[in-house]
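Close look at the chain arrangement
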Amino acid sequence: MEPSLVRNVDELDDALMPSRLASSPVAHVPTMGGLHAGHTSLMRAARTLGDVVVVSVFVNPTQFLPSEDLSRYPRDLEADLELCMREAVDIVFAPEVAAVYPEGTVGGVTIDPGPMGSILEGASRPAHFRGVLTVVAKLFALVRPSHAVFGEKDFQQLALIRAMVRDLCAGVEIVGVPTVRDTDGVALSSRNHFLTPEQRGRARSLWHALSAGKAHEAEGADAVVTAAHAVLEAADGLYLDYLALTDPDLGPAPETGEARLLVAARVGSTRLIDNTCLSLGRAARVSLRG
Ligand code: PAF
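Residues numbered from 1 in each chain as written. Predicted model: local features only at pLDDT ≥ 70, side-chain atom pairs only at ≥ 80, totals over all residues. Heavy atoms only, no water.

1. Focus on the environment of Asp 249
Its location among the elements puts Asp 249 in the loop between strand E7 (239-246) and strand E8 (257-267). Taking relative accessible area as the criterion, Asp 249 reaches 59% and is therefore assigned exposed. In this structure, the C-alpha to C-alpha distance between Asp 249 and Arg 260, residues eleven residues apart in sequence, is 8.6 Å. (Helix = DSSP H or I, 4+ residues; strand = E, 2+ residues; numbered from the N terminus. Buried < 20%, exposed > 50% of the residue type's maximum accessible area, 1.4 Å probe, protein only.)

In structure tokens:
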């Protein structure tokens, strides 16, 4: 069945009225559209959590830096609806900017992401996470979900959304879903759309680097970072922003146990990010910037 397409808050309230009256769980998948198989896995996870699945499609202007081309972001609502229909999504909420930012996109109240918002992605994209958290808080206030599903590919985003929900007592259960990869290991992303076939080949080095790091996890942090860095250094046409090994909350990596290896690099004019989980044998946090 086709999902209900709702374009404003009144329509959203009408569509959600029966589940609100019945206090049924509502699972929300916030997206910026350009939906692909990575989003499909989020929708499938949402289906297991909510009686109603809402996918929001909203290209959020406040999370783009002035240097990042907001108008270039892929938009194809027809194709997004098609995919949502195949996944039996109940409601697609695709509001205009004015419905989400009635006060305008500058000068209103925003959410400060705290110190975690200025490391890694935040160091290269100042104000990005302020925009992400602000829009996610607004979407949660509009949809009022019981659960919300996000991909682990944007690992820092997921960690910050968890922190926001905890610190602001937002009462939404946040569920992270593992990254979906192409057969060559490249993480699915709406940004892959911008890569030429040659650049797409170069993008594989991110996953090769993470895999090389993971292959050394038992030897500890230094071995992991050295192995991953060697792959990135040898890669042609790939400009490293950062390679970082942290704990699962993006703090210092533990000597042993669960850790995260994160990478960001530019291929042509496209910035790509990826990460993987590790189980470390020994040693401490290491971070290298390109
Ligand atoms: O990951 C995304 O697509 C966006 O950052 C999000 C969470 C929908 C907020 O605009």
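Anyway, onward from the coordinates.
2. A look at the site of the ligand
Taken together, Pro 30, Thr 31, Met 32, Asn 60, Gln 63, Val 135, Phe 150 and Gln 157 are the residues near the ligand. Here an oxygen atom of the ligand sits 2.6 Å away from a polar atom, N or O, in the side chain of Gln 63. In this structure, an oxygen atom belonging to the ligand sits 2.7 Å away from a side-chain N or O atom of Gln 157. Coverage of the ligand by the protein amounts to 89% of the 290 Å² it exposes when considered alone. (Near = heavy atom within 4 Å. Polar contact = N/O pair within 3.5 Å; in protein donor to acceptor, adjacent residues only side chain to side chain. Areas by Shrake-Rupley, 256 points an atom, 1.4 Å probe, with all protein chains shown as cover.)

3. With respect to the packing of aromatic side chains
The full count for this structure, using the stated rule, is three aromatic pairs. One cation-aromatic arrangement involves Arg 72 over Phe 194; the distance from NZ or CZ to the ring centre is 4.0 Å. (Phe/Tyr/Trp six-rings, centres within 6.5 Å; stacked < 30°, edge-to-face > 60°. Lys NZ or Arg CZ within 6 Å of the ring centre and 35° of its normal.)

4. Focus on unusual backbone geometry
Look at Ser 23: it is not a glycine, yet its phi comes out positive at around 50 degrees. For Ser 23, the location among the structural elements is in the loop between helix H1 (9-21) and strand E2 (26-31). Among the residues examined, Ser 23 registers a relative accessible area of 63% and is labelled exposed.

5. Describing the environment of Leu 188
On the secondary structure map, Leu 188 appears in the loop between strand E6 (173-177) and helix H8 (197-215). Relative accessible area serves as the criterion here: at 17%, Leu 188 is assigned to the buried category. C-alpha of Leu 188 to C-alpha of Arg 144: the two residues are 44 residues apart in sequence and 28 Å apart in space. In this structure, Leu 188 is in contact with His 36, Ala 37, Gly 38, Lys 153, Val 180, Arg 181 and Asp 182, ignoring residues within four places of it in sequence. (Contact = heavy atoms within 4.5 Å.)

6. Observations regarding the side chain of His 28
One can find His 28 in strand E2. Look past the residues within four positions of His 28 in its chain and what remains in contact with it is Val 54, Ser 56, Leu 139, Phe 140, Val 143, Pro 145, His 147, Ala 148 and Val 149.

7. Details of the pairing of strand E3 (residues 52-57)
By the criterion of burial, E3 is predominantly enclosed, with six of the six residues buried. On E3, burial covers both faces: Val 52, Val 54 and Ser 56 on one face and Val 53, Val 55 and Val 57 on the other are all buried. Bridging between E2 and E3 involves six bridges; their strand directions are parallel. Directly across from His 28, in E3, lies its bridge partner Val 54. Taken together, E2, helix H2 (residues 37-49) and E3 constitute a β-α-β crossover, and its handedness is right-handed. Direction of pairing for E3 relative to strand E4 (residues 91-93): parallel, over a ladder of three bridges. Paired with Val 54 across the bridge in E4 is Ile 91. The parallel pair E3 and E4, bridged by helix H3 (residues 77-86), forms a crossover whose chirality is right-handed. (Pairing = 2+ DSSP bridges. Right-handed = clockwise from strand over helix to strand, strands pointing away.)

8. So, H3
Burial in H3 covers these residues: Asp 80, Leu 81, Leu 83 and Cys 84. Viewed along the axis of H3, the buried residues span an arc of 165 degrees, placing them on a single side of the element. Across H3 from its buried face, at more than 90 degrees, point the exposed residues Glu 78 and Arg 86. On the buried face of H3, the contacting elements are strand E1 (4-6), H2, E3 and E4. Phi for Ala 88, located one or two positions after H3, is positive at around 55 degrees. (Arc of directions from axis to C-beta.)

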